[in-house]
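Secondary and tertiary structure notes
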Amino acid sequence: MKWAAVEEALDIVLPADYKRLVQTYGGGLFAGVLWLLEPGCSDAMYDLVAQTAEREAILTELWEAGEDKPSVLHEVNARRCWP
């Protein structure tokens, strides 16, 4: 896994324990309740980069339609998760 490229694409630094978890198990659904998203997963449903982009697009549409954006995302030092 080329983590630097993934982190650059997402504009975040991923935790080392997350990287170990993904390297050990890969992406998928665990116990029917826990989604482990893996960058580049062969199943797009569990691809971290694809799912992040999809959720960013959906949230942008909601906020443009008038849905309130959580106040924590307006803070200057908020982690980039959404536009």
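Quick note: structure is the one above.
This write-up is about the structure you can find in this document. Since the model is a prediction, treat every value here as computed from it, not as a measurement.

**Let's talk about the overall build of the protein**
- When helices and strands are tallied, the protein shows three helices and two strands.
- Reading the secondary structure of the protein in the N-to-C direction produces α-α-β-β-α.
- For the protein, the residues scored as buried account for 27% of the 83 residues in total.
- Accessible surface computed for the protein: about 6000 Å², of which carbon and sulfur atoms make up 57%.

**A short note on the packing of aromatic side chains**
- A complete count under the given rule lists three aromatic pairs for this structure.
- Measuring from centroid to centroid gives 6.0 Å for Trp3 and Tyr18, while their planes differ by 75 degrees, and the two rings are edge-to-face. Within this pair, whereas Trp3 is found in helix H1 (residues 3-10), its partner Tyr18 is found in helix H2 (residues 16-25), the two being separated by 15 residues in sequence.
- We classify Tyr18 as buried; its relative accessible area is 15%.
- On the numbers, 6.1 Å between centres and 80 degrees between planes, the contact of Tyr25 with Phe30 is edge-to-face.

**Describing H1**
- Three or more residues of H1 are buried, namely Trp3, Val6, Glu7 and Leu10. Considered in projection along H1, the buried side chains sweep an arc of 95 degrees and stay on one side of the axis. H1 presents Ala4, Glu8 and Ala9 as exposed residues on the side facing more than 90 degrees away from its buried surface.
- Each element contacted by the buried residues of H1 is listed here: H2 and helix H3 (48-64).
- Backbone geometry just after H1 places Asp11 at a positive phi near 60 degrees.

**So, the environment of Trp3**
- Given a relative accessible area of 10%, Trp3 falls into the buried group.
- Put simply, Trp3 and Pro39 are 36 residues apart on the chain and 8.6 Å apart in space, counted from C-alpha to C-alpha.
- Setting aside residues no more than four positions away along its own chain, Trp3 makes contact with Leu14, Tyr18, Lys19, Val22, Gln23 and Pro39.

About the cut-offs
- Residues numbered from 1 in each chain as written.
- Predicted model: local features only at pLDDT ≥ 70, side-chain atom pairs only at ≥ 80, totals over all residues.
- Heavy atoms only, no water.
- Helix = DSSP H or I, 4+ residues; strand = E, 2+ residues; numbered from the N terminus.
- Buried < 20%, exposed > 50% of the residue type's maximum accessible area, 1.4 Å probe, protein only.
- Areas by Shrake-Rupley, 256 points an atom, 1.4 Å probe, with all protein chains shown as cover.
- Phe/Tyr/Trp six-rings, centres within 6.5 Å; stacked < 30°, edge-to-face > 60°.
- Arc of directions from axis to C-beta.
- Contact = heavy atoms within 4.5 Å.

This is a description of form; function is not addressed.
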